[in-house]
Amino acid sequence: MAVTVRDAHFPGRAPIDAYGNGGFRFAGMSHRGSLLCLPSGIYGWDVPAGAKLTELDFARLFAESDKIEVLLVGTGPELVPLAAPLRQRLRDARIIADSMSTGAAVRTFNVVLAEGRAVAAALIAVD
């Protein structure tokens with residue numbers, strides 16, 4: 001019997017309950033690796049820590065850009081500024097982007113989500 005591997009996807013919006021040890025907990029589940037939290041759901045995000053983020057890493061986000069006002073980017077244990085071309089592409093899509101440590105991004109995401117605002121988060125997993 002063949003095993004089918006599917007992209008990790010939670011079809012809803014949920015606060016992040018915990019982070020660390022290389023993953024996240026949300027909606028009664030745990031996920032190992034990074035996350036992309038969008039209006040259409042929460043997705044596994046194949047971005048290694050320390051990677052230089054590009055527009056290609058955010059293709060799924062740009063597909064939903066009309067439903068997103070704010071993007072919080074958790075860049076790992078420390079703040080890593082977004083590259084100028086990516087910042088410009090986000091501005092062109094009318095998305096306000098803010099990069100910060102993953103911990104700060106998780107906390108901010110939970111607050112903004114609870115306010116009912118059009119928020120998305122790109123969260124790089126930390127140990």
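Examining the pattern of salt bridges
Considering all chains together, one arrives at three salt bridges under this definition. The partner of D66 in a salt bridge is K67, with the nearest N and O atoms 3.9 Å apart. Residue class for K67 comes out partly exposed when judged on its relative accessible area of 48%. Residue E115 pairs with R117 through a salt bridge whose shortest N-O separation is 3.6 Å.

Focus on unusual backbone geometry
A positive phi angle is found at N21, which is not glycine, with a value near 55°. Checked against the element boundaries, N21 lands in the loop between strand 2 (16-20) and strand 3 (23-26).

Digging into the sheet that holds strand 4 (residues 29-32)
The three strands lie next to each other as 2-3-4, forming an open sheet whose pairing is antiparallel. What marks the edges here is a single partner per strand, and that holds for strand 2 and strand 4. The sheet shows a mean angle of 15° between the axes of neighbouring strands, direction not considered. Relative to strand 4, strand 3 runs antiparallel, the two sharing four bridges. Along strand 4, the bridge assignment pairs G23 with R32. Along the sheet, helix 3 (residues 102-114) contacts strand 2 and strand 3; its crossing angle with strand 2, the most-contacted strand, is approximately 180°.

Thresholds, definitions, all that
- Residues numbered from 1 in each chain as written.
- Predicted model: local features only at pLDDT ≥ 70, side-chain atom pairs only at ≥ 80, totals over all residues.
- Heavy atoms only, no water.
- Salt bridge = Lys/Arg side-chain N within 4 Å of Asp/Glu carboxyl O.
- Buried < 20%, exposed > 50% of the residue type's maximum accessible area, 1.4 Å probe, protein only.
- Helix = DSSP H or I, 4+ residues; strand = E, 2+ residues; numbered from the N terminus.
- Pairing = 2+ DSSP bridges.
- Axes fitted to C-alpha atoms, helices over the stretch in contact; angles between N-to-C directions.
- Contact = heavy atoms within 4.5 Å.

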